[in-house]
Amino acid sequence: MNGAISKCFGNKPAAAHDRFALNMAELRQQPRATRSLLLIQRLLGLGCHLALAVPYLRRAPGLERLRRTQRYLFVINHVSLLDTILLGGLAWRSGCLPILVLGDKNVWHSSWFKRILSRPIGFLLERGKLNPNRIRELHAFGRAGQDFHLLVFPEGTRGDGLTVAECQPGIYFIAQEAQLPIVPVFIENMQLISTKTGRFHLFAGWRKVVVHYGKPIVPEVYAPMPRQEFTDFIRRSIALAGGAGGKDPAPSDSASAQGSPARL
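**Q** Can you tell me about the layout of surface pockets, naming the residues and giving the values?
**A** Looking at the largest pocket, its volume works out to about 690 Å³. Taken together, 29 residues form the lining of the largest pocket, with Leu102, Arg127, Phe153, Gly156 and Gln168 sitting closest to its centre. Those elements that provide at least two residues to the lining of the largest pocket are β3 (99-104), α5 (105-108), α7 (134-143) and α8 (170-178). Partitioning the lining of the largest pocket into residue classes produces 14 nonpolar, eight polar and seven charged.

**Q** So what's going on with helix α10 (residues 227-241)? Which residues, and what values?
**A** Every α-helix carries 3.6 residues per turn, so stepping three or four residues along brings you back to the same face. Over its 15 residues, α10 extends 21 Å from the first C-alpha to the last, a length consistent with the 21 Å expected when each residue adds 1.5 Å. Restricting attention to buried positions, one finds in α10 the residues Phe230, Thr231, Phe233, Ile234, Arg235, Arg236, Ser237, Ile238, Ala239 and Ala241. Positioned one or two residues after α10, Gly243 has a phi angle of 60°, which is positive.

**Q** So what's going on with a nonpolar patch on the surface? Which residues, and what values?
**A** A grouping of Leu46, Leu50, Val54 and Trp92 is seen on the molecular surface, where their side chains present a nonpolar patch of about 330 Å² in accessible area. Here the nonpolar patch gets three residues from one element, more than from any other, and that element is helix α3 (residues 35-56). Looking at where Leu46 falls in the secondary structure, it is placed in helix α3. Residue Leu46 is classed as partly exposed on the basis of its relative accessible area of 34%.

**Q** Just give me the short version of empty space enclosed by the protein, but keep the residues and values in it.
**A** Considering all chains together, one arrives at three cavities of 30 Å³ or more under this definition. Empty space within the largest cavity amounts to approximately 120 Å³. Every residue lining the largest cavity is listed: Gln41, Leu44, Gly45, Cys48, Thr84, Ile85, Gly88, Ala91, Leu97, Ile99, Leu117 and Ile121. Elements with a minimum of two residues in the lining of the largest cavity: α3 and α4 (82-94). Looking at the lining of the largest cavity, its residues break down into eight nonpolar, four polar and no charged. Here the second largest cavity is characterised by a volume of approximately 90 Å³. Around the second largest cavity sit 14 residues that line it, and Phe74, Leu87, Ala91, Leu151 and Tyr213 are the ones nearest its centre. Of all the secondary-structure elements, those providing two or more residues to the lining of the second largest cavity are β2 (73-76), α4 and β5 (149-152). With four residues, α4 is the single largest residue contributor to the lining of the second largest cavity. Residue composition of the lining of the second largest cavity, by class: twelve nonpolar, two polar and no charged.

**Q** Summarise the sheet that holds β5; cite the residues concerned and give the values.
**A** Spatial strand order, β1-β7-β6-β2-β5-β3-β4: seven strands in an open sheet with mixed pairing. At either margin of the open sheet sits one strand with a lone partner, and together these are β1 (57-59) and β4 (122-125). In this sheet, neighbouring strand axes are inclined to one another by 25° on average, regardless of whether the strands run parallel or antiparallel. Contacts from α4 reach β1, β2, β3, β5, β6 (182-188) and β7 (209-213), with the element oriented near 60° to β7. Running at roughly 175° to β4, α7 makes contact with β3, β4 and β5 of the sheet.

**Q** Go over the nonpolar core, please, and point to the residues and values.
**A** Ranked by size, the top nonpolar core spans 36 residues in total, and within it Phe74, Leu87, Val211 and Tyr213 carry the most contacts. Of all the elements in the fold, those that place two or more residues in this core are α3, β2, α4, β3, β6 and β7. Residues within four places of Leu87 in sequence aside, it is in contact with Ile76, Leu151, Phe153, Val185, Ile187, Val211 and Tyr213. Among the nonpolar cores identified, the runner-up in size contains 33 residues, and Val75, Leu138, Leu180 and Phe186 belong to it.

What counts as what
Residues numbered from 1 in each chain as written. Predicted model: local features only at pLDDT ≥ 70, side-chain atom pairs only at ≥ 80, totals over all residues. Heavy atoms only, no water. 1 Å grid on protein atoms, 1.4 Å probe; cavity = no way out; pocket = protein on both sides within 12 Å on 5 of 7 lines; lining within 4 Å. Points joined across faces, edges and corners; volume = space filled by probe spheres on them. Helix = DSSP H or I, 4+ residues; strand = E, 2+ residues; numbered from the N terminus. Nonpolar A, V, L, I, M, F, W, Y, C, P; charged D, E, K, R; others polar. Expected span 1.5 Å × (residues − 1). Buried < 20%, exposed > 50% of the residue type's maximum accessible area, 1.4 Å probe, protein only. Patch = residues over 30% accessible without salt bridge, like charges linked within 9 Å, V, L, I, M, F, W, Y side chains within 5 Å. Areas by Shrake-Rupley, 256 points an atom, 1.4 Å probe, with all protein chains shown as cover. Salt bridge = Lys/Arg side-chain N within 4 Å of Asp/Glu carboxyl O. Pairing = 2+ DSSP bridges. Axes fitted to C-alpha atoms, helices over the stretch in contact; angles between N-to-C directions. Contact = heavy atoms within 4.5 Å. Core = buried A, V, L, I, M, F, W, Y, C linked by side-chain atoms within 4.5 Å.

Put into structure tokens, the structure is as follows:
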């Protein structure tokens, strides 16, 4: 009798149990913005600001637009692992804490120093590994926007610091879940200090880095967009935030983005 029921209806109790276990696991992994974490990030942010922003940052136009009471989803061009440290210092300076940075676990766990540095700020995924739960993970990161400012490098790899490459589709799932104002950010001249394959240049980028913060883009503007249109919109928005410093690989597309003030 029980076998006949199972054939007709499937193993629903087992499936329900699996879904419940998966949901509980997600809840346990969901980041929490505790007071101790906020204190640690403040201390780290101060250190990042003194170590990188003070010697290398020339200016950060648009940073003054950010409101401490509002959570944001920052989308940033990627040049070096130092990008995260510099942005952490600017988050401390602007009061936009706590932050949560989407990163590659293989990169940030490649040394004990990177592991320690990423622990209080990182939401790390294993890139390049087939994972059927990847969209769930991206949604979990997006939900963390209730408590954190979210930082994403949507190109998915480190670039040349001059152009903005095609954005990966993961940013679409994050944005749809978070429903936060998106702030495009272009880091200019970081390639003078450090790149993906080059060594660290102590003096070449001294007081030359400019971090451009674009105008926040409200969810009402981007939420209706289909995925492909959205990812291209993000790429263009990051390039436009950089002005002359950010070169758009598709200038004809960027002209259409200038039609709406909310998209700049």
